[in-house]
Amino acid sequence: DAGVIQSPRHEVTEMGQEVTLRCKPISGHDYLFWYRQTMMRGLELLIYFNNNVPIDDSGMPEDRFSAKMPNASFSTLKIQPSEPRDSAVYFCASSKFGTDIMNTEAFFGQGTRLTVV
Amino acid sequence: TQLLEQSPQFLSIQEGENLTVYCNSSSVFSSLQWYRQEPGEGPVLLVTVVTGGEVKKLKRLTFQFGDARKDSSLHITAAQPGDTGLYLCAGFDSWGKLQFGAGTQVVVTP
């Protein structure tokens, strides 16, 4: 497997524009996580899915943020409208969470560096 | 407010020295994990600890899990420049939610 694939790697957009980040998880994984990383706030969990269903979106900062997982192999995180304070690195991760806790590992994509000017 | 508090935030040491980073939580997790992140990459898992009081060794890295399963430490012996990176602790709850601490940036200079 190629691992978790995120696109684009870099995105520069103007304030007010819509931004869509994409993620392809590892095949067979049943959990998908979206994180945002900044120097000030570290790695924040925005939302996570189990079997394509959103379980906890309490980390989504505002209504401008939305996430979908239409099938097991694809998820999107959308920001509309974008603002300069949304500038950060956004990571997608997937895992197979089961009864074997010792072998539960989150695999991360390389992230999307978003800059809103 | 971070559920997992890490300290220190930054650590700079010379090659060959030892270092310890800490992770403390107000909650009990099903398991606690340590990840390392290098610039431009996502975090990569180093170890998972599950049992209170557990100690795990991975070459020069020693991981401890507190008896109450709410705190952990990572000790590196004879640090090398290749150990440079952001060290993150993370906790899975019983519903599969994975949360991270803010991380400790470690810099090892030759």
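Before reading further, recall that the structure is shown in the block above.
Residues numbered from 1 in each chain as written. Chains lettered and ligands numbered in written order. Predicted model: local features only at pLDDT ≥ 70, side-chain atom pairs only at ≥ 80, totals over all residues. Heavy atoms only, no water.

**Some points on the overall build of chain A**
Phase 1 of the analysis: From N to C terminus, chain A includes 0 helices and 11 strands.
Phase 2 of the analysis: Going from N to C terminus, chain A has its helices and strands arranged as β-β-β-β-β-β-β-β-β-β-β.
Phase 3 of the analysis: For chain A, whose C-alpha radius of gyration is 14 Å, the value lies close to the compact-globule estimate of 13 Å for 117 residues.
Phase 4 of the analysis: Principal axes of the C-alpha set define a box for chain A whose edges measure 45 × 30 × 30 Å.
Phase 5 of the analysis: Looking at the 117 residues of chain A, the share that counts as buried comes to 49%.
Phase 6 of the analysis: For chain A, long-range pairs separated by at least 24 residues make up 55% of all intrachain contacts whose partners lie at least 6 apart in sequence.
Phase 7 of the analysis: Once the 11 positive and 14 negative side-chain charges of chain A are each reduced to a mean point, those two points are 4 Å apart. (Helix = DSSP H or I, 4+ residues; strand = E, 2+ residues; numbered from the N terminus. Rg over C-alpha atoms; globule rule 2.2 N^0.38 Å. Buried < 20%, exposed > 50% of the residue type's maximum accessible area, 1.4 Å probe, protein only. Contact = heavy atoms within 4.5 Å. Lys, Arg positive; Asp, Glu negative; His and termini not counted. Charge placed at Lys NZ, Arg CZ, Asp CG, Glu CD.)

**Some remarks on the sheet that holds strand β8 (residues 71-76) of chain B**
All names here are of chain B.
Phase 1 of the analysis: Across the sheet, which stays open at both edges, the 5 strands sit in the order β1-β3-β8-β7-β6 with antiparallel pairing between neighbours. For this open sheet the edge positions go to β1 (4-7) and β6 (55-58), each flanked by a neighbour on one side alone. Each neighbouring strand pair of the sheet contributes to a mean axis angle of 15°, computed without reference to strand direction.
Phase 2 of the analysis: Of the strand pairs in this sheet, β6 and strand β7 (residues 61-65) are connected by 4 bridges, and their pairing is antiparallel. Each residue of the ladder has a partner; that of Lys57, found in β7, is Thr62. (Pairing = 2+ DSSP bridges. Axes fitted to C-alpha atoms, helices over the stretch in contact; angles between N-to-C directions.)

**As for the interface of chain B and chain A**
Phase 1 of the analysis: Tallying the contact residues gives 26 residues for chain B and 23 residues for chain A.
Phase 2 of the analysis: Both faces considered, chain B and chain A share a buried interface measuring about 1,800 Å² in area, 58% of it formed by carbon and sulfur atoms.
Phase 3 of the analysis: Interface area lost by chain B to chain A is led by Phe92(B), Lys97(B) and Phe100(B), which between them contribute 23%.
Phase 4 of the analysis: For Lys97(B), the salt bridge goes to Asp56(A), with nearest N and O atoms at 2.6 Å.
Phase 5 of the analysis: A class-by-class count of the residues in the side of chain B that touches chain A yields 11 nonpolar, 11 polar and 4 charged. (Buried area = accessible area lost by both parts, 1.4 Å probe. Salt bridge = Lys/Arg side-chain N within 4 Å of Asp/Glu carboxyl O. Nonpolar A, V, L, I, M, F, W, Y, C, P; charged D, E, K, R; others polar.)

**Some remarks on the sheet that holds strand β8 (residues 74-79) of chain A**
Residues and elements named next belong to chain A.
Phase 1 of the analysis: If you walk across this open sheet you meet the 4 strands as β1-β3-β8-β7, and the pairing is antiparallel. This sheet does not close on itself; its edge strands, each paired only once, are β1 (5-7) and β7 (65-71). Between one strand and the next, the sheet's axes are offset by a mean angle of 15°, whatever the strand orientation.
Phase 2 of the analysis: Sheet topology note: the strand β3 (residues 19-24)/β8 ladder contains 5 bridges and is antiparallel. Following the sheet pairing, Thr20 is matched in β8 by Lys78.

**Overview of the state of the cysteines**
All names here are of chain A.
Phase 1 of the analysis: Under the definition given, this model contains 2 disulfides over all chains.
Phase 2 of the analysis: Two residues share a disulfide in this structure: Cys23 and Cys92, whose sulfurs sit 1.9 Å from each other. Looking down the S-S bond of the Cys23 and Cys92 bridge, the torsion is -65°, so its handedness is left-handed. One end of the pair, Cys23, is in strand β3; the other, Cys92, is in strand β9 (residues 88-95), and 69 residues separate them in sequence. (Disulfide = S-S within 2.5 Å.)

**A closer look at the pattern of salt bridges**
Phase 1 of the analysis: One pass over the structure, following the stated rule, counts 12 salt bridges over all chains.
Phase 2 of the analysis: In this structure, Arg60(B) engages Asp83(B) in a salt bridge whose closest nitrogen and oxygen atoms are separated by 2.8 Å. Of the two residues, Arg60(B) is situated in the loop between β6 and β7 and Asp83(B) in the loop between β8 and β9 (85-92); the sequence distance between them amounts to 23 residues.
Phase 3 of the analysis: Relative accessible area serves as the criterion here: at 24%, Arg60(B) is assigned to the partly exposed category.
Phase 4 of the analysis: On the basis of relative accessible area, Asp83(B) is assigned to the buried category, the value being 5%.
Phase 5 of the analysis: One network of salt bridges, with partners in common, ties together Glu62(A), Arg64(A), Glu83(A), Arg85(A) and Asp86(A).

**Quick notes on the pairing of strand β11 (residues 112-116) of chain A**
Residues and elements named next belong to chain A.
Phase 1 of the analysis: Here β11 shows one buried face, formed by Thr112, Leu114 and Val116, and one open face, formed by Arg113 and Thr115.
Phase 2 of the analysis: With 4 bridges connecting them, strand β2 (residues 10-13) and β11 associate as parallel partners. In the strand pairing of β11, Glu11 is matched with Leu114.
Phase 3 of the analysis: One ladder, built from 3 bridges, connects β9 with β11; its direction is antiparallel.

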